[in-house]
Amino acid sequence: MTTSLQDGQSAAGRAAARDSPLAAQVCGAAQGRGDAHDLAPAPWLHTGALLPPPDGTRGCAADRRKKKDLDVPEMPSIPNPFPELCCSPFTSVLSADLFPKANSRKKQVIKVYSEDETSRALDVPSDITARDVCQLLILKNHYIDDHSWTLFEHLPHIGVERTIEDHELVIEVLSNWGIEEENKLYFRKNYAKYEFFKNPMYFFPEHMVSFATETNGEISPTQILQMFLSSSTYPEIHGFLHAKEQGKKSWKKIYFFLRRSGLYFSTKGTSKEPRHLQFFSEFGNSDIYVSLAGKKKHGAPTNYGFCFKPNKAGGPRDLKMLCAEEEQSRTCWVTAIRLLKYGMQLYQNYMHPYQGRSGCSSQSISPMRSISENSLVAMDFSGQKSRVIENPTEALSVAVEEGLAWRKKGCLRLGTHGSPTASSQSSATNMAIHRSQPWFHHKISRDEAQRLIIQQGLVDGVFLVRDSQSNPKTFVLSMSHGQKIKHFQIIPVEDDGEMFHTLDDGHTRFTDLIQLVEFYQLNKGVLPCKLKHYCARIAL
């Protein structure tokens, strides 16, 4: 019985070896032949059949077998307890399909910088998108994802940068960089990235937009946006721009037209006749960048410059540089070019921010809020028994009172050092607790404040608070409204030995800057709009 079992196993092993050499190796190891020579296939073993070994080899094997019979009785081989796992009379169970395939996604280390020049290295796959990189940094740094985090491509040698669209492959962007160029990837907020989908009226002024066909009645900004996304119709953007002449340092003011086929300029005033139009640049194989220091680096007449840069070239001579008269005009040109280049892809990025090509999709990302947090309720523990506060107005007032009480306790604990009754020390603490807030920037200039706000997007309500350079005892609220930056001075007011802050000559007073910012986040007051988004310098 044992002999027939062993013979069956040997026959099955030979059949499996014909089908798969890998199965033959596993069978040999499972039957107790654990020698290293058994795990490696013999030189005459082929996939198609078992060829007879050479004569010398057969003779040596016969001599060894004869000597073994004379000296030591052969030990019975251990039967294989699991023959179905390693061999089959028909096909091999251990086929190549059962083994994991090699991952074809190569990985590469990239370095991402923040606004305070701290950096973080990431080991990412080759098909990772800009949105995936942002999502990865958001999770690693425990930031709140409000869909405004953006990856920027910064080219310091020519003084330009651009927004890397969420769907773009980061490794492809890096492949266009020169070896000696010190280019960087920046990670920061950009509130204006998709703002034109929410408020298109701010991005397309009437005097800059016209249509190729006659239209009945007025066209709303939303309809203009739909025409950009449509392949059949298109609006035409036109206006004066300063263009830098190729190979020269001089700039010339020319009338430009933006169409689906590219950017054109008129050789005769504002004429649209085909004989007067000359091609300037296309945007299919080039990217649009915003100039950071156009006056200093390129002698531009204004600070509102942008340029076209070919994908495969990076020298200053390859740039086609333009300059607008104001920020609203530059924003209109840049937005229109982005829409004409990417079309519906931008709208899909806006509507589905978590769609990516790599592993950082929405299925693999844990939610920012847990399920239990969605069922939290306001509680009152002031009495003998706790109760649920069902009135929303009462819950809000209780929250405000608790916040003020907590702030006062924190001020006394941090600033008085054992003398909580000293009102002067308490006032000094109230004056200083704002320094830990992300929206406060200690000693920055007016130009630096404007640069930070422009970088994070000229959206209504983007703001920061800074020290005043003209008056050291006062502060300045810098904010964006109507694609312009406005500055409001925060004046300290003293009343009965206590110091207050005010924006409206003392009509509305606040004990500290935190109260002031929180008030104008909820109320417009004397400001042109509410405070919505604060500018902060994050650290990676």
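Owing to the predicted nature of the structure, the values given are computational and were not obtained by experimental measurement.

Draft legend 1. Just the overall build of the protein chain, in detail. Along its length, the protein chain carries 16 helices and 21 strands. Counting across all 540 residues of the protein chain, residues that qualify as buried make up 41%. Considering only residue pairs separated by 6 or more positions, the protein chain has 56% of its internal contacts joining residues 24 or more positions apart. In the form shown here, the protein chain has an accessible surface area of approximately 31,300 Å², with 54% of it arising from carbon and sulfur atoms.

Draft legend 2. The arrangement of the side chain of Thr129 in detail. In this fold, Thr129 is placed in the loop between strand E2 (119-125) and helix H6 (130-141). Overall, Thr129 belongs to the buried group, its relative accessible area being 2%. At a separation of 2.9 Å, a polar atom in the side chain of Thr129 contacts the side chain of Asp132.

Draft legend 3. Structural detail: the pattern of salt bridges. In total, this model carries 18 salt bridges according to the counting rule given. Here Asp287 and Lys341 are joined by a salt bridge, their closest N and O atoms 2.5 Å apart. Of this pair, Asp287 sits in strand E11 (residues 286-291) while Lys341 sits in helix H11 (residues 327-342), and the two are 54 residues apart along the sequence. Taken together, the shared-partner salt bridges connect Glu153, Arg162, Glu168, Asp287 and Lys341 into one network.

Draft legend 4. Structural detail: helix H16 (residues 513-522). Those residues of H16 that sit buried are Leu513, Ile514, Gln515, Leu516, Val517 and Tyr520. The N-cap residue of H16 is Asp512: its side-chain oxygen and the backbone nitrogen of Ile514 are 3.0 Å apart.

Draft legend 5. The arrangement of unusual backbone geometry in detail. Its identity is not glycine, yet His142 carries a phi of approximately 60 degrees, on the positive side. Examined against the element boundaries, His142 turns out to sit in the loop between H6 and strand E3 (149-155).

Draft legend 6. Examining a nonpolar patch on the surface more closely. On the surface, Met344, Tyr347 and Met351 cluster together into a nonpolar patch covering about 260 Å² of accessible area. Residue placement: Met344 occurs in helix H12 (residues 344-351). The class of Met344 is partly exposed, set by a relative accessible area of 38%.

Draft legend 7. Looking closely at the environment of Lys443. Relative to the helices and strands, Lys443 resides in the loop between strand E16 (440-441) and helix H15 (446-455). Spatially, the C-alpha atom of Lys443 lies 9.9 Å from that of Pro472, the residues being 29 residues apart in sequence.

Draft legend 8. Main features of the packing of aromatic side chains. Summed over the entire model, instances satisfying the criterion amount to 22 aromatic pairs. Seen from their ring centres, Tyr347 and Tyr350 are 6.4 Å apart, and the 50 degrees between their planes marks the pair as tilted. Placement of the pair is Tyr347 and Tyr350 together in helix H12, with a separation of 3 residues, close to one helical turn. Ring-pair connections join several aromatic residues into one group, and the members of that group are Tyr194, Phe196, Phe197, Phe203, Tyr347 and Tyr350. When the ring centre of Tyr113 is taken as origin, the NZ or CZ atom of Lys184, which lies over that ring, is 4.6 Å away. If you follow Lys320 out to its NZ or CZ, it ends over the ring of Phe280, 5.8 Å from the centre.

Draft legend 9. Summary view of the confidence of the model for the protein chain. Overall, the prediction assigns the protein chain a mean pLDDT of 75, with 67% of residues at 70 or greater. Note that pLDDT drops below 50 for residues 15-58; the model gives that stretch 39 contacts with residues more than four away or on any other chain. With pLDDT under 50 throughout, residues 87-100 is counted as low confidence; its partners more than four residues away or in other chains account for 21 contacts.

Draft legend 10. Representation of H11 within the structure. The terminal C-alpha atoms of H11 lie 22 Å apart, and with 16 residues this matches the ideal 22 Å at 1.5 Å per residue to within 8%. Buried residues dominate H11, accounting for 14 of its 16 residues. Count one or two residues on from H11 and you reach Gly343, which has phi positive near 60 degrees.

Draft legend 11. Geometry of the side chain of Glu161. Along the polypeptide, Glu161 turns up in strand E4 (residues 160-164). Each residue touching Glu161, except ones within four places of it in the same chain, is listed here: Phe152, Glu153, His154, Arg188, Tyr289, Val290, Leu292 and Gln455.

Analysis parameters
Residues numbered from 1 in each chain as written. Predicted model: local features only at pLDDT ≥ 70, side-chain atom pairs only at ≥ 80, totals over all residues. Heavy atoms only, no water. Helix = DSSP H or I, 4+ residues; strand = E, 2+ residues; numbered from the N terminus. Buried < 20%, exposed > 50% of the residue type's maximum accessible area, 1.4 Å probe, protein only. Contact = heavy atoms within 4.5 Å. Areas by Shrake-Rupley, 256 points an atom, 1.4 Å probe, with all protein chains shown as cover. Polar contact = N/O pair within 3.5 Å; in protein donor to acceptor, adjacent residues only side chain to side chain. Salt bridge = Lys/Arg side-chain N within 4 Å of Asp/Glu carboxyl O. Patch = residues over 30% accessible without salt bridge, like charges linked within 9 Å, V, L, I, M, F, W, Y side chains within 5 Å. Phe/Tyr/Trp six-rings, centres within 6.5 Å; stacked < 30°, edge-to-face > 60°. Lys NZ or Arg CZ within 6 Å of the ring centre and 35° of its normal. pLDDT = per-residue confidence, 0-100. Expected span 1.5 Å × (residues − 1).

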